[in-house]
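Coordinates in review
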Amino acid sequence: MAGLAGMGSLLPVLPGWLRLVLLLVLALLGPGGLIVACLGPLPRFVVAPAIPAIGVSTLSLAVTATLAIGAYEPRVTTLIVSAVCVAGGILLRGLRGDAHTALLRPPGRARIRQIHARARRSTLQWLRASPTRLPVALVIVGLLIWLGSLPSLDRSSYSSYGLIVSTPSMAVALGATVLGLLLAVRAGHLAAGWFGLVATVLVLRGGTLFATSAAPYPWTYTHLGVIDWFGHSGTLARDVDVYSNWAGTLAFFAWLSDSAAFSSFSLAHGFILVCHLLTIVAVYLMARAFRRTPTEALVAAFLVEAVNWVGQDYLSPQAVAFLLAIVLVTLLQVARDHRFAQAASVSALVIYTGIAWSHQLTATWLVGATLALVLVGFLRPLWTAIGVLGMFGLMLGVNLDSLVRNSTGISTDVVANSAGNVPMSGSPGQQLTSNTVHLLAALVWGAGFGAALLQVWRAQSATRRKDALGLAVVGFSPFALLATNYGGEAIFRVYLFSLPSMAVLVAPYLTKLLCFPGRRALLAILGALVVTAMGAQGTWGNWYQGIITGDEVALAKRLDRAAGVRGNIAYLVPGVMPANVSWRYVPRDRSPLVVDQTWGIENLYAGTDGSDPAPVDDLTYAVGQQARNRPYFVVISRSMRINALQYGKMTPGSFASIEGHFTRSGWRPVYRAADGTVIFANSAGASAWSALGTGAAG
């Protein structure tokens, strides 16, 4: 069925969105289903995440291979993969009697009617049951408040404290959905709990899709530029940046976009919400693998969602690798059962291979965690560790040159590596957000450590003790990454990687507290609401720094065309506005100007009032010497002003002073908008901008 869906996606008469859906069916069910069917039996709850994870891993590797040899043909790849899935499905029809292949067969009509009737009866029962009326009502009220708040998000004014202050109704909506979820857990109604959890995800993350005109976060667009390069050139640019050396995830999205003729920008816009919905399912199934009850597993999924403020959920190799890592840990746990050891271990190795060629930091964490699991006697069979080490070594060998050029190296200054990537104290709102997430991280790690100690100490069997040890090792092994700075982001990845294990460790205790009578349950509910509020401040506190408008994306595309393959674009505050949005970034990067490597206006003006004209004069002279006949643009955007205010990089009046320096130095303002965005250009840049048509300075 997945193979036929893939073949159907090749029909040119179908709209792009339908071809995308058919391709996702192929990717998430086809290769993974075929491999799992050939390997052997797996528990039913593990099959659900393993099949799509293996599918994404194998397809990303296959597309990367075609890019590496210069044979990238997305529709041909789709046809070959579809044909293999169809042929494999036909060959496996004779194995229908085996338990593991039976899990992969779609249910018959009678079974579908039975499932539908059972679901209808259970839904009516929990809707009519008095203990679920209040939780469901609270969740519905929260969703209605959220829907009413969405239009105001786009119109809300900047606040350094984020959405909780600028749009307080969002906090009310979140409180209602979380309270409904907690009361459903207390009442023991799993379906109502899932309703509350999905609603909580919508309230926390849905605004990035339903209240914005473009995908958030500037780094999203850097990744979209890489995807565009893959589609444009059909090759890897291994000499330019790390993305072509760890191309797996972005190669997968390039194939998906090009084969479906569906915009990668639209893919990115909806990715964050889908990523979080998949995360709660993956964490739930991981918790079930570690012998948590369904209710405890639901609480674990809620905890990960509530306290995840890191913001590594946009279309990126990190987001996909994190999801794959959760599935991999689940498979390592299942592999300890000798009945499933072979199938689970091989599946884990396939997924690790996909991670190793997609995101180097996640692969590094997992290889360290694997070795630690061997040391505590958790990992079985041992050849799994040998396979992980071998693939990690191969990855290092192939990409050694890129690692040397781009790595921040090993550092023993753990304090500096834990400091984050913003050296300034920032605005009052930013200080509140920073202090909140620091406290939240301490609470999460402290609770996880205490839960691990209790479970190891009080374990009633060796199996339970090994479960707790395994979770503790996976959860605390990311701290080894503090031996590197990773551009100031190492501490954020440590926190992110630790969340699933911390949540699975803590979930049984929170579930018990919620189900206690009287005061203890009330304290547990209040504590969970406070923790959720802290996580929401971490997520929403930087809302205005991450949001990208559709106008900014359109402007970035026009700027990219004007700069062409020989020009340059400088940003007053780098990493804030969409940049490198198309394939042109590769030839631009291959012919850099010396001035790009020696001049950084943000650092030269950081913390000042912008009154000193010297940095602009130095830039003007350097551009005149090195880029007289090449387009050169300097961008000062709305989002840069907000970012500088939020993080205290510049004083409010500095932007007007800097703009005056550019005007007096002979730069031409080729674009000016009411939101404060202005683009200056040299003579070649002004000519290139005018050649594109309308849009000159007004």
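Residues numbered from 1 in each chain as written. Predicted model: local features only at pLDDT ≥ 70, side-chain atom pairs only at ≥ 80, totals over all residues. Heavy atoms only, no water.

**A word on the overall build of the protein chain**
- Within the protein chain, the secondary structure is distributed over 34 helices and 4 strands.
- A buried classification covers 55% of the 698 residues belonging to the protein chain.
- Here the protein chain has roughly 28,400 Å² of accessible surface; of this, 64% comes from carbon and sulfur atoms. (Helix = DSSP H or I, 4+ residues; strand = E, 2+ residues; numbered from the N terminus. Buried < 20%, exposed > 50% of the residue type's maximum accessible area, 1.4 Å probe, protein only. Areas by Shrake-Rupley, 256 points an atom, 1.4 Å probe, with all protein chains shown as cover.)

**Remarks on the pattern of salt bridges**
- Scanning the model with the defined rule gives 10 salt bridges in all.
- For the salt bridge of Asp239 with Arg590, the shortest nitrogen-to-oxygen distance reads 2.9 Å. Placement of the pair is Asp239 in the loop between helix H12 (218–233) and helix H13 (248–260) and Arg590 in helix H28 (residues 585–590), with a sequence separation of 351 residues.
- What makes Arg590 partly exposed here is its relative accessible area of 44%.
- Note that Arg291 is salt-bridged to Asp467, the shortest N-O span being 2.7 Å. Remark: Asp467 occurs in helix H23 (residues 462–476) and Arg291 occurs in the loop between helix H14 (264–289) and helix H15 (294–307); sequence separation between them is 176 residues.
- One salt-bridge network, in which partners are shared between bridges, spans Arg291, Arg336 and Asp467. (Salt bridge = Lys/Arg side-chain N within 4 Å of Asp/Glu carboxyl O.)

**Observations concerning the packing of aromatic side chains**
- A full pass over the atoms with the stated rule returns 21 aromatic pairs.
- Each ring, one from Tyr158 and one from Tyr544, has its centre 5.9 Å from the other, and the planes form 80°; the classification is edge-to-face. Here Tyr158 is found in the loop between helix H7 (130–155) and helix H8 (163–166), whereas its partner Tyr544 is found in helix H26 (residues 543–546), with 386 residues between them in sequence.
- Taking the centre distance of 5.7 Å and the plane angle of 85° together, the rings of Phe253 and Phe271 count as edge-to-face. Placement of Phe253 in helix H13 and of Phe271 in helix H14 is noted, with a sequence separation of 18 residues between them.
- Site record: aromatic cluster; members linked through ring pairs are Trp309, Trp445, Phe449, Phe476, Phe479, Phe492 and Tyr495.
- Looking at Arg558, its charged tip hangs above the ring of Trp689, at a distance of 4.3 Å from the centre. (Phe/Tyr/Trp six-rings, centres within 6.5 Å; stacked < 30°, edge-to-face > 60°. Lys NZ or Arg CZ within 6 Å of the ring centre and 35° of its normal.)

**Structural notes on the side chain of Arg630**
- Structurally, the position occupied by Arg630 is in the loop between helix H31 (614–626) and strand E2 (632–636).
- Residue classification places Arg630 among the buried residues on the basis of a relative accessible area of 13%.

**Quick look at the pairing of strand E3 (residues 668–672)**
- Where E3 and strand E4 (residues 678–681) come together, 4 bridges link them in antiparallel fashion. Following the sheet pairing, Arg672 is matched in E4 by Val678.
- Once E3 ends, the chain turns through 5 residues before running back antiparallel as E4, passing Gly676 with a positive phi of about 100°. (Pairing = 2+ DSSP bridges.)

**Here's the deal with the sheet that holds strand E1 (residues 568–571)**
- Within the open sheet, the 4 strands sit side by side as E1-E2-E4-E3. Their pairing is mixed. Each having just a single partner strand, E1 and E3 make up the two edges of the open sheet. The sheet shows a mean angle of 25° between the axes of neighbouring strands, taken without regard to direction. (Axes fitted to C-alpha atoms, helices over the stretch in contact; angles between N-to-C directions.)

**Considering a nonpolar patch on the surface**
- On the surface, Leu4, Met7 and Leu79 cluster together into a nonpolar patch covering about 270 Å² of accessible area.
- Positionally, Leu79 belongs in helix H4 (residues 74–91). (Patch = residues over 30% accessible without salt bridge, like charges linked within 9 Å, V, L, I, M, F, W, Y side chains within 5 Å.)

**A look at the nonpolar core**
- Among the nonpolar cores identified, the biggest contains 209 residues, and Phe230, Trp255, Tyr352 and Tyr495 are the most heavily contacted of them.
- Per-element accounting of this core gives the leading share, 15 residues, to helix H24 (residues 490–515).
- Contact partners of Tyr352, with chain neighbours within four places excluded, come to Leu328, Ala363, Leu366, Val367, Val388, Met391 and Phe392. (Core = buried A, V, L, I, M, F, W, Y, C linked by side-chain atoms within 4.5 Å. Contact = heavy atoms within 4.5 Å.)

**Topic: helix H33 (residues 654–664)**
- Inspection of H33 places Ser654, Phe655, Ile658, Glu659, Gly660, His661 and Phe662 among the buried residues, and these make up the whole buried set.
- Residue Gly666 follows H33 closely and has a positive phi angle near 95°.

**Re the packing of H15 against H24**
- Two numbers describe how H15 lies on H24: the axes approach to 8 Å, and their chain directions differ by 135°. In terms of orientation, H15 and H24 fall into the oblique class. Classified by chirality, the crossing of H24 by H15 is right-handed. Two secondary-structure elements touch here, H15 through Thr295, Glu296, Val299, Ala300, Leu303, Val304 and Val307 and H24 through Tyr495, Leu499, Pro500, Ala503, Val504, Val506, Ala507, Pro508, Leu510 and Thr511. (Parallel < 35°, antiparallel > 145°, perpendicular 65-115°, else oblique. Left-handed = near helix turned anticlockwise from the far one by under 90°.)

**Some words on a negative patch on the surface**
- Together, Asp609, Asp612, Asp617 and Asp618 line one region of the surface with negative charge.
- Tracing the sequence through the fold places Asp609 in the loop between helix H30 (601–605) and H31. (Lys, Arg positive; Asp, Glu negative; His and termini not counted. Charge placed at Lys NZ, Arg CZ, Asp CG, Glu CD.)

**Details of helix H34 (residues 683–691)**
- Along H34, the residues classified as buried are Ala684, Gly685, Ala686, Ala688 and Trp689.
- Those residues of H34 that are buried are in contact with helix H27 (550–563), E2, E3 and E4.
- Immediately downstream of H34, the backbone of Gly693 shows phi near 110°, a positive value.

**Quick word on the environment of Arg336**
- Mapped onto the elements, Arg336 comes out in the loop between helix H16 (317–334) and helix H17 (341–356).
- Excluding residues that lie within four positions of it along the chain, Arg336 makes contacts with Arg291, Phe378, Arg380, Thr463, Lys466 and Asp467.
- Separated by 2.8 Å, the side chains of Arg336 and Asp467 make a polar contact. (Polar contact = N/O pair within 3.5 Å; in protein donor to acceptor, adjacent residues only side chain to side chain.)

**A look at the packing of H14 against H16**
- Relative to each other, H14 and H16 sit at 10°, their axes nearing to 9 Å. For the element pair H14 / H16, the angle class is roughly parallel. Pair H14 / H16 crosses with left-handed handedness. Residues Phe271, Cys275, Leu278, Thr279, Ala282, Val283, Leu285, Met286 and Ala289 of H14 pack against Ala319, Val320, Phe322, Leu323, Ile326, Val329, Thr330, Gln333 and Val334 of H16.
- Among the residues making up the contact of H14 with H16, the classes are represented as 15 nonpolar, 3 polar and no charged. (Nonpolar A, V, L, I, M, F, W, Y, C, P; charged D, E, K, R; others polar.)

**Looking at the environment of Ser233**
- Looking at the secondary structure, you find Ser233 in helix H12.
- A relative accessible area of 27% places Ser233 in the partly exposed class.
- Linking Ser233 and Trp583, residues 350 residues apart in sequence, is a C-alpha distance of 8.2 Å.
- Side chain to side chain, Ser233 and Thr235 meet in a polar contact 3.1 Å long.

**A short note on unusual backbone geometry**
- With an omega dihedral of -10°, the bond running from Arg380 to Pro381 counts as a cis peptide bond.
- With respect to the helices, strands and loops of the structure, Pro381 is situated in the loop between helix H18 (360–375) and helix H19 (383–398).
- Its identity as a non-glycine residue notwithstanding, Tyr217 has a phi of 75°, on the positive side.
- You can call Tyr217 partly exposed: its relative accessible area is 24%.

**What to know about the environment of Ala570**
- As for its position among the elements, Ala570 is in strand E1.
- What makes Ala570 buried here is its relative accessible area of 11%.
- Counting along the chain gives 64 residues from Ala570 to Val634, while the straight-line C-alpha distance between them is 4.7 Å.
- Those residues in contact with Ala570 that sit more than four places away from it in its chain are Tyr632, Phe633, Val634 and Val635.

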